[in-house]
Amino acid sequence: MLRIVDLSSAADPGVDVPAGLIIAHGPISDESWLNAATFTLTEDASNDPRVVTVDSVPDALAELSRRCQRWPQASAVCGDVLRAVDPTGAVLAGVTTESFAYSTLQAGPEFARWLAERGPAQAPDLDADGLVQAERAGCTLHVTFNRPQRHNAFCTAARAALLEALTVAQLDPSITEVVLGGNGPSFCSGGDLAEFGTFADPVSAHLARTRCSPALALDELTSRLGRACRAEVHGHVLGSGLEMAAFCGWVQAQQDSVFGLPELSLGLIPGAGGTVSVTRRIGRWRTAYLVLSGRTIDAETALAWRLVDAIEPN
């Protein structure tokens, strides 16, 4: 399923590139392989969005091979979705494609294995003060995640509260700025793992993701407001937290920010629109690397990759 290509000896792939994951390494001058590969690894600095710089190519290849062997289905589906989704196209189409794939994996053996290893799902410990705070100051609406004790882990109730706050901004033309933030040590650490597996069935989960989608609301607000729809992130910016922030027209990070897409370790792929939003910013190649490697990147790397637009000075 995983094909590793040494560019120093590889023939031109032409137009008939086989389906599946292709990780290339070696000289990065071969444009045909750079485009065709899932991503290319190098130990040299590179600004090419198709290329990821690592400390050791052999070590990175070994770790990627191990992870793809551990989660072969989720890895393959990740590659398929990233090639299928057009980040410059209609967002609803991309989110729908992603959600179909996510629901497929929810019904698969790799997610079932993770659920069995985790144990029974638990009802989230919700804060009585509100999972999402919405405060208006003049023409600005501040929307803030408010589960600081859980690093703002994102649950179903938080999704509903976020969507309600964003809908207010969508319907009120006098709101000309939206600021998305998080209370406590992190912006958002991603989905609440204690809640995973509580969906009634994969179809219902798909309909919930696509009919009640903060991603679509954030995309619409960014289309109207541009940089005035912004995310101010810090601490953990992981999974759905990163996916939602990336839909904003401007992302400002604090120096302590850490970014990643850890869903593969659950037997899943990003499911909050990240195959669209993150890919828009950094390309499908580096998005695939974040998912398949499970690695996180710091604020400086995120800025170099254009995953964020600015780093707040200390």
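An unreviewed UniProt entry lists the chain under the name 2,3-dehydroadipyl-CoA hydratase, with Mycobacterium basiliense as the source organism.

Peer 1: I'm lost on the state of the cysteines in this one. Help?
Peer 2: By definition, a disulfide is the covalent link that joins the sulfur atoms of two cysteine residues. One pass over the full model with this rule turns up zero disulfides. Free cysteine Cys188: the closest other cysteine sulfur is in Cys155, separated by 9.7 Å. Owing to a relative accessible area of 0%, Cys188 belongs among the buried residues under this scheme. The thiol of Cys248 is not disulfide-bonded; the next cysteine sulfur, from Cys229, is found 4.2 Å away.

Peer 1: Any chance you could explain the nonpolar core here in plain terms?
Peer 2: Within soluble globular proteins, side chains that are nonpolar tend to cluster in buried spots. The biggest cluster of nonpolar side chains holds 83 residues, and the ones touching the most others in it are Leu41 and Phe259. No other element matches helix H10 (residues 274-293), which puts nine residues into this core. Residues Val5, Ala24, Trp33 and Ala37 belong to the second largest nonpolar core, which totals seven residues.

Peer 1: What is the right way to read the packing of aromatic side chains from this model?
Peer 2: How two aromatic rings sit relative to each other is given by the distance of their centres and the angle of their planes. Applying the stated criterion across every chain yields a total of five aromatic pairs. Grouping aromatic residues by their ring pairs yields a cluster made of Phe111, Trp114 and Phe196. Against the face of Trp250 rests Arg227, its NZ or CZ located 3.9 Å from the ring centre.

Reading the values: the criteria
- Residues numbered from 1 in each chain as written.
- Predicted model: local features only at pLDDT ≥ 70, side-chain atom pairs only at ≥ 80, totals over all residues.
- Heavy atoms only, no water.
- Disulfide = S-S within 2.5 Å.
- Buried < 20%, exposed > 50% of the residue type's maximum accessible area, 1.4 Å probe, protein only.
- Core = buried A, V, L, I, M, F, W, Y, C linked by side-chain atoms within 4.5 Å.
- Helix = DSSP H or I, 4+ residues; strand = E, 2+ residues; numbered from the N terminus.
- Phe/Tyr/Trp six-rings, centres within 6.5 Å; stacked < 30°, edge-to-face > 60°.
- Lys NZ or Arg CZ within 6 Å of the ring centre and 35° of its normal.

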